[in-house]
Amino acid sequence: MIMTTADNEQYKCLLPSESAQGDGVDEMADETPEPEKLLEPLFKQNSCSYRIEPYWTYEVCHRRHIRQYHEEKEFGLKITVQEYYLGYFGKGGLEFTQGQDGKSKETYLSKKTSKKEEDQEVATKNIDGQQMPYFPLEFGEGTACSLRGNAPRRAIVMYVCHPGARHEVLSVAEVTSCEYEVVVLTPFLCRHPKYRFKPAPVNDIHCQSLQGSPARPKSLDALLEKEEENKRSPNPHFPEESHVPSNRPTSSPIAGQKQHVVGTPLISSLTDQQLIRAFLDGSHCVRGGVGWWKHEFCYGKHVHQFHEEKDGFKNIIVVGTWNIELHKEWVRNNNPRTVIHLPDGSTKIRSVSHLYGNGDACDLTGSARKVVVKLKCKESVSPHAVTIYMFEPEPCRYILVVESSLLCSILDSTDENGLLSLPQ
C-alpha cells in the first residue's frame, strides 16, 4: 500500500496478515486451581474491603455481604448510622438458586464454577477501554428498594487480577436502580492464566521511502524528539511505585458521574479536598482489619480495636488517644517524617508518624497501650482506596499503617513534628 503524509512524502508499506498467536493459556489453565479456589484464602479470612467516598462508605465483606453506610457523629450523642445492604452472598441471585439435586447453594455454586469446558469463555468488563477478565460472585436479598416496588437490592462483585493490589474496591456503580456492580482488585486471581490481562497482539507495519522522500517522515522525527524531551523531564511520582504496570486498569465511573480521560481521578479535586478535610478534622474515621478484631482510626482523636457481635454489641479496646504534647515529646527521640529524594534533586515526604498514647491498661504489662500511626502516600489504581492494617511488635505496643493516594497531596505540608494542616 502506498502511503502519503501531510508533507507529500510517499512510502510503500507492507501490511502483515494477522497471525494467530497462541499463548498456551488453555494448557496452563488445566493445571491451575479454579478461580474460586484461588480466592479461598481471602474468603476464609472473613475480611472486608472498603471504599471511602465523600458521603458514603462501601463495605465489601468477601463472600458475606455488601453494605453502604454513612455515620453522623455528634459530640456526646449516640452515633446515627444510615445504611443499606446491597446484597448477601448466596441469596436471591441466579448463580445461587438451589440445584435440582437438593444440594446446598454453596455446593451448587462450587459445582458450577469448577466445571471445565474447553470452549468456556471468561467474562470480561470494559475498564477504561481495556477488556479485563473477571470472576463474578452474586449477592441478593439486600435492603428493599422503594424505586422498584420494594424489591430487594442485589449486586455482583467482579474480582479482577492485579499483581500489586491488596483487594481494593476499584469502583462501585449502580448500573440500574438498586442493582450494583462492584469491582475488586486482587493478586490471588493472577495465578490463573485466563484471568490475567492480555494485551492485543501488535503486528508491525514495515515501510520504505519512495524516490524523493526522506527515510523517515519529518513529522515522525519531530514526534520522537518531543518524546525524548519528555523522558528527560523529572518524573513527579515516587521511584518505588514504578513497578506498577503501565497498562493497569483505572477506575470506572460511578453511576451518574462524568467519565474523565484515562488516568485522572473520577471525582473532582474539590471533592478530594472535602474528603481530606473530613478526615483531618476527625469527622471521617477509617476502619479496617481482618479476622476477629477490627480497627478504627479517627485522626486527631483515637485508635480503637473492636469486635462487633451479631446483636450489635461492640467490645472496644482503646489502643491510643491523641495528645499533642505527648506526641511532641516522642518526636524528640524519633523522626516523624520519612523523606525520599527525587532524580531532580528535590525531596518528597513519603510518610509521617504520630504517637497515640494513654490507651487502655494492658493485662500483660500493666502499662497503658500506645500506637504509632503511620500515614503513608501510596499510589493506587483506585484513587480513593484506603488500606489500613495494624501489627503488634511488642505486647500492647502497636503500629497502625494507613495507606492512600489521597495522602500524597498533603504530606508535604507537614511541619517539623509531622503534623498535618487542613487544606485552605
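Everything numeric in this text was worked out from a predicted model, so none of it was measured. (Residues numbered from 1 in each chain as written. Predicted model: local features only at pLDDT ≥ 70, side-chain atom pairs only at ≥ 80, totals over all residues. Heavy atoms only, no water.)

1. With respect to the overall build of the protein
As a reminder of what qualifies: The way it works is that DSSP assigns letters per residue, a run of H or I at least four long becomes a helix, a run of E at least two long becomes a strand, and they are numbered from the N terminus. Any two residues having at least one pair of non-hydrogen atoms within 4.5 Å are treated as being in contact. Surface accessibility follows the Shrake-Rupley procedure with a 1.4 Å probe radius. Residue values consider only the protein chains on display as shielding.
Across its full length, the protein carries seven helices and 23 strands. For the protein, long-range pairs separated by at least 24 residues make up 58% of all intrachain contacts whose partners lie at least 6 apart in sequence. Carbon and sulfur atoms make up 50% of the accessible area of the protein, which totals about 24,000 Å².

2. Notes on helix α7 (residues 324-331)
Selection criterion: Only protein chains enter the accessibility calculation, which uses a 1.4 Å probe; a residue whose area is less than 20% of its type maximum is buried, one above 50% is exposed, and one in between is partly exposed. The arc in question is the one traced by the directions running from the helix axis out to the C-beta atoms. Here a polar contact is taken to be a pair of N or O atoms separated by no more than 3.5 Å, where protein atoms must pair a possible hydrogen donor with a possible acceptor and residues adjacent in sequence count only if both atoms sit in side chains.
For α7, the complete set of buried residues consists of H327, W330 and V331. Angularly, the buried residues of α7 cover 105° about the axis, an arc narrow enough to put them on a single face. Buried-residue contacts for α7 involve β20 (347-356) and β21 (370-377). Two to three positions downstream of the cap, the backbone nitrogen of E325 sits 3.0 Å from a side-chain oxygen, assigning the N-cap of α7 to N323.

3. Considering empty space enclosed by the protein
The condition that has to hold: In the cavity and pocket records, a cavity denotes points on a 1 Å grid over the protein atoms alone where a 1.4 Å probe fits but cannot get out, a pocket denotes an open set with protein on both sides within 12 Å along at least 5 of 7 lines, and lining residues are residues with an atom within 4 Å of a point. Grid points are joined across faces, edges and corners, and a volume is the space filled by probe spheres set on the points. In the scheme used here, Gly and all other residues not listed as nonpolar or charged are polar, with Ala, Val, Leu, Ile, Met, Phe, Trp, Tyr, Cys and Pro taken as nonpolar and Asp, Glu, Lys and Arg as charged.
Evaluated as defined, the whole model comprises three cavities of 30 Å³ or more. Looking at the largest cavity, its volume works out to about 140 Å³. Those elements that place two or more of their residues in the lining of the largest cavity are α6 (269-280) and β23 (397-404). No other element matches the three residues that α6 contributes to the lining of the largest cavity. Residues that form the lining of the largest cavity fall into these classes: 10 nonpolar, two polar and no charged.

4. Here we look at the nonpolar core
As a reminder of what qualifies: Joining through side-chain atoms within 4.5 Å is the link that ties buried Ala, Val, Leu, Ile, Met, Phe, Trp, Tyr and Cys residues into a set, and such a set is a nonpolar core.
Ranked by size, the top nonpolar core spans 31 residues in total, and within it F297, V371, L375 and L400 carry the most contacts. At the level of secondary structure, the elements contributing two or more residues to this core comprise α6, β20, β21, β22 (386-394) and β23. Not counting the four nearest positions on each side in its chain, F297 is found in contact with F279, C285, V286, H302, V303, Y356, V373, L375, I388, L400 and V402. Counting residues in hydrophobic clusters, the runner-up holds 26 residues, among them F43, C145, V157 and V169.

The quantities given are spatial measurements derived from coordinates; they are silent on function.
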